[in-house]
Every structure is written in C-alpha cells, then in structure tokens.
Amino acid sequence: STAAAGSGKGEVLDGRAIAGEIREEMKEHGLWLQKNKGVTPGLAVVLVGSRPDSATYVRMKKKAIKEVEFVSKDIDLPETVTEEELLK
C-alpha cells in the first residue's frame, strides 16, 4: 500500500490498471496527432552491445509502443562502436 498524502491512511493502487489507462490515453492522443496533424508518434531505440538485461528492457518498451500504435525504429550497434560512430 501507498500512504495517502497527509491522511495517515494507506491506499492500494492497481499499477496494471493505471498503466493500461495511461496507454489508452497515449493511443488516443497518438491517433489524434495522426488524424489532425499528420504526425505519427514513435520511439527510436539505439542498443549498443548485447546485454540481456538491456535487450529485455527494449523488448518491453517495444511491446508497449506497439500497444499504443506508435512507430518503432531500432538501431543495433556492436559493443565496439566508438562514440564518434554512435553520434553520426
């Protein structure tokens, strides 16, 4: 439970439900942007190297992006990439 501000009482939050509501709002806003402004929101991910924890994190973000119907762009680079090459 999470303490309610100043009340001295706790409040149980449903994180999954809240996240679902936020994703639905993002989807609606993204569709509005597409229809009214001709802009499709998206996420670009630059993954350097092959750390399993990073790959898992990126997979989770890509799943969320797909749920809200945004575009996704992936750039996978080897661990040996230099800073100069990365910033090009």
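What you are looking at is a predicted structure, and each value in this text was computed from that prediction instead of being measured. (Residues numbered from 1 in each chain as written. Predicted model: local features only at pLDDT ≥ 70, side-chain atom pairs only at ≥ 80, totals over all residues. Heavy atoms only, no water.)

Engineer: Quick rundown of the layout of surface pockets? Include the residues and the values.
Structural biologist: A water-sized probe rolled over the atoms picks out the places where empty space is left. Taken as a whole, the largest pocket spans an internal volume of roughly 220 Å³. Surrounding the largest pocket, Arg23, Met26, Leu43, Met60, Lys61, Lys63, Ala64, Ile65, Glu67 and Val68 form its lining. Contributing elements (two or more residues each) for the lining of the largest pocket: helix H1 (15-37) and helix H2 (52-67). Top contributing element to the lining of the largest pocket by residue count: H2, with six residues. Considering only residue class, the lining of the largest pocket consists of six nonpolar, no polar and four charged. (1 Å grid on protein atoms, 1.4 Å probe; cavity = no way out; pocket = protein on both sides within 12 Å on 5 of 7 lines; lining within 4 Å. Points joined across faces, edges and corners; volume = space filled by probe spheres on them. Helix = DSSP H or I, 4+ residues; strand = E, 2+ residues; numbered from the N terminus. Nonpolar A, V, L, I, M, F, W, Y, C, P; charged D, E, K, R; others polar.)

Engineer: How would you summarise unusual backbone geometry if you had to cite specific residues and measurements?
Structural biologist: Among all residues except glycine, the phi angle is most often negative; among peptide bonds, the trans geometry is most common. Phi is positive for Glu69, close to 65°, though the residue is something other than glycine. Given a relative accessible area of 40%, Glu69 falls into the partly exposed group. (Buried < 20%, exposed > 50% of the residue type's maximum accessible area, 1.4 Å probe, protein only.)

Engineer: Residues and numbers for the pairing of strand S4 (residues 71-77), please.
Structural biologist: Across seven bridges, strand S3 (residues 42-48) lies against S4 in parallel orientation. Of the residues in S4, the one forming a bridge with Val45 is Asp74. At this point the chain moves from S3, through H2, to the parallel S4, and the crossover so formed is right-handed. (Pairing = 2+ DSSP bridges. Right-handed = clockwise from strand over helix to strand, strands pointing away.)

Engineer: Lay out H1 in plain terms, naming residues and giving numbers.
Structural biologist: Taking 1.5 Å of rise per residue, 23 residues should cover 33 Å, and H1 covers 32 Å from first to last C-alpha, within 8% of that figure. Between the side-chain oxygen of the N-cap and the backbone nitrogen of Arg16 there are 3.3 Å, and the N-cap of H1 in question is Asp14. In the stretch just after H1, Gly38 is the one whose phi turns positive, near 70°. (Expected span 1.5 Å × (residues − 1). Polar contact = N/O pair within 3.5 Å; in protein donor to acceptor, adjacent residues only side chain to side chain.)

Engineer: Tell me about a nonpolar patch on the surface, and name the residues and values.
Structural biologist: Together, Val46, Val48, Ile75, Leu86 and Leu87 give the surface a local cluster of nonpolar side chains, amounting to about 410 Å² of exposed area. One can find Val48 in strand S3. (Patch = residues over 30% accessible without salt bridge, like charges linked within 9 Å, V, L, I, M, F, W, Y side chains within 5 Å. Areas by Shrake-Rupley, 256 points an atom, 1.4 Å probe, with all protein chains shown as cover. Salt bridge = Lys/Arg side-chain N within 4 Å of Asp/Glu carboxyl O.)

Engineer: I'd like a description of a negative patch on the surface, backed by residues and values.
Structural biologist: The grouping of Asp14, Glu21, Glu24, Glu25 and Glu28 at the surface amounts to a negative patch. Overall, Glu25 belongs to the exposed group, its relative accessible area being 54%. (Lys, Arg positive; Asp, Glu negative; His and termini not counted. Charge placed at Lys NZ, Arg CZ, Asp CG, Glu CD.)

Engineer: Let's hear about the confidence of the model for the chain: which residues, and what values?
Structural biologist: Per-chain confidence: the chain averages 90 in pLDDT, with 91% of residues scoring 70 or above. The spread of mean pLDDT over the elements of the chain runs between strand S1 (residues 2-3), the lowest at 46, and H1, the highest at 96. (pLDDT = per-residue confidence, 0-100.)

Engineer: Report on the pattern of salt bridges, specifying residues and quantitative values.
Structural biologist: Tallying each qualifying case throughout the model produces four salt bridges. Among the ionic pairs, Arg23 bridges to Glu67, the shortest N-O distance being 2.7 Å. Here Arg23, found in helix H1, pairs with Glu67, found in helix H2; they are 44 residues apart in sequence, far enough to count as distant. Between Arg51 and Asp53 there is a salt bridge, with the nearest N and O atoms lying 2.5 Å from each other.

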